[in-house]
Amino acid sequence: MKADGVLFHAKHAFMPNSLGYCGPDERGQIQSDLEGNRSDEELIQTLQKFEAAYPFLKLIAKSSGREIFDYLVPEAYWIGNRLLDLVPVSDFYSFSHHEIRGRDPEKVREVFRKLDGVAPPHHTFYVMSTYATAAVPDGPNVTNEAKRKIAEVVDNCRISWGRVSKVGKDELKVVARRVNVNDGGLGLTRPAVRRVRYNPEVRPFGTVRAGDVVSIHWNYACDVLTPRQAQNIAKYTDRDISLVNRLMNSKASRR
Amino acid sequence: MCVTRAGKVVSASQGRARVEFFDGRALDDVDVSVVNAKKGAFVEVFGNLALGVLSPAEAKRRKQAWTEVARVVGEARG
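These numbers were taken from a predicted model, which means no experiment stands behind them. (Residues numbered from 1 in each chain as written. Chains lettered and ligands numbered in written order. Predicted model: local features only at pLDDT ≥ 70, side-chain atom pairs only at ≥ 80, totals over all residues.)

A.B. asks: Would you take a moment to explain the packing of helix 1 (residues 2-18) of chain A against helix 2 (residues 27-35) of chain A for this structure?
C.D. replies: When two helices pack together, you describe them by how their axes are tilted relative to each other and by the distance separating the axes. Residues and elements named next belong to chain A. Closest axis-to-axis distance for the helix 1/helix 2 pair is 10 Å, and the angle between their directions is 145°. Like other packed secondary-structure pairs, helix 1 and helix 2 cross with a definite hand, here left-handed. Contacts between helix 1 and helix 2 involve Leu7, Ala10, Lys11, Phe14, Asn17 and Ser18 on the former and, on the latter, Arg27, Ile30, Gln31, Asp33 and Leu34. For the contact of helix 1 with helix 2, a count of residues per class yields five nonpolar, three polar and three charged. (Axes fitted to C-alpha atoms, helices over the stretch in contact; angles between N-to-C directions. Helix = DSSP H or I, 4+ residues; strand = E, 2+ residues; numbered from the N terminus. Left-handed = near helix turned anticlockwise from the far one by under 90°. Contact = placed C-beta atoms within 7 Å. Nonpolar A, V, L, I, M, F, W, Y, C, P; charged D, E, K, R; others polar.)

A.B. asks: I would appreciate a short explanation of the nonpolar core in the present structure.
C.D. replies: General note: in soluble globular proteins, nonpolar side chains tend to be found buried as a group. Core analysis: the largest hydrophobic core is formed by 99 residues, its most contacted members being Ile60 and Val73 of chain A together with Ala37, Val43 and Ala50 of chain B. Not counting chain neighbours up to four residues away, the residues in contact with Val73 of chain A comprise Gly5, Leu57, Ile60, Ala61, Arg66, Ile68 and Leu83 of chain A. (Core = buried A, V, L, I, M, F, W, Y, C linked by C-beta atoms within 7 Å. Buried ≥ 20, exposed ≤ 12 C-beta atoms within 10 Å, placed from the backbone.)

A.B. asks: Sorry if this is basic, but what is going on with the packing of helix 4 (residues 53-64) of chain A against helix 6 (residues 89-98) of chain A here?
C.D. replies: All names here are of chain A. In contact at an axis separation of 11 Å, helix 4 and helix 6 are set at 160° when each is read in the N-to-C sense. Our classification of the angle between helix 4 and helix 6 gives roughly antiparallel. As helix 4 packs across helix 6, the resulting crossing turns out to be right-handed. Mapping the contact onto sequence places Pro55, Leu59 and Ser63 in helix 4 and Asp91, Phe92 and Phe95 in helix 6. A breakdown of the residues in the contact of helix 4 with helix 6 according to their chemical character gives four nonpolar, one polar and one charged. (Parallel < 35°, antiparallel > 145°, perpendicular 65-115°, else oblique.)

A.B. asks: Sorry, what's going on with helix 9 (residues 144-157) of chain A here?
C.D. replies: Taking 1.5 Å per residue, 14 residues should reach 20 Å; helix 9 of chain A reaches 20 Å between its end C-alpha atoms and fits that length. All of the buried residues along helix 9 of chain A are Ala146, Lys149, Ile150, Val153, Val154, Asp155, Asn156 and Cys157 of chain A. (Expected span 1.5 Å × (residues − 1).)

Don't take any of this as a statement about function, it's just geometry.
Following this line, the structure appears as structure tokens:
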């Protein structure tokens, strides 16, 4: 169970790490461990150096009385599951101030105040609320080109999902919904075909086939989701979007 | 996951920039077009996109916070 949790977490942390956006410079090691299906102590130590993801796992694990790499813990963080609801708001508030480096304390207070304390420690919520509280110049009057770029980075940073329609050598065609930025806040586009990279050496991608649902991070297919996970990621993403839109609309109405 | 990082634009051209972050890292190809940041500006970057510009005072505060974090982490690691 723990080994599965380590690998599940590494699969989802891999691509932003390889792009240099977070975590230690250990791209080669993570990839090698994923290809070898190894969840050894070295990989665990590397994952512990991620400045945001690992503290989130600790928070969820503590609140649910589970081990940090119990499969359900990283699953809650990246995909969403019932463990998110076990995290006391006061703990998440305190955590957001003290454990997440670089986050502006005033913005943290703004998020919790405007959402009446309803803020899940879910990766997608973190991504979207970061955008919602960023000081984007011109606020609601931001240009269409800027909206497109913002939507793209939010979409890449969150964990999205798609149903595989065609399997290529190192690329999948998936039917997926992207994030868009509109006047009311964030939303999801209608399903459309997109291409994502994948690594056939990483289990279970050697046997991926049309009809499977995969999780996606920075245009990279991380894992094949179970039907329960596919339901959960849609459910928790919808909840995140609605919370973030409440946050953004209260920001806009204040102007 | 992506973390929001603050840093200074050390060179910029046609909406792309090299940003040196307060945590000691750097990225060569940050899109600064949304915030129209120039060389010398302090920016808040998410992924590879600058989403905000920081005032010098705010940048100083963030840099101090990072320095403090680095000190605490260094002490914890012995």
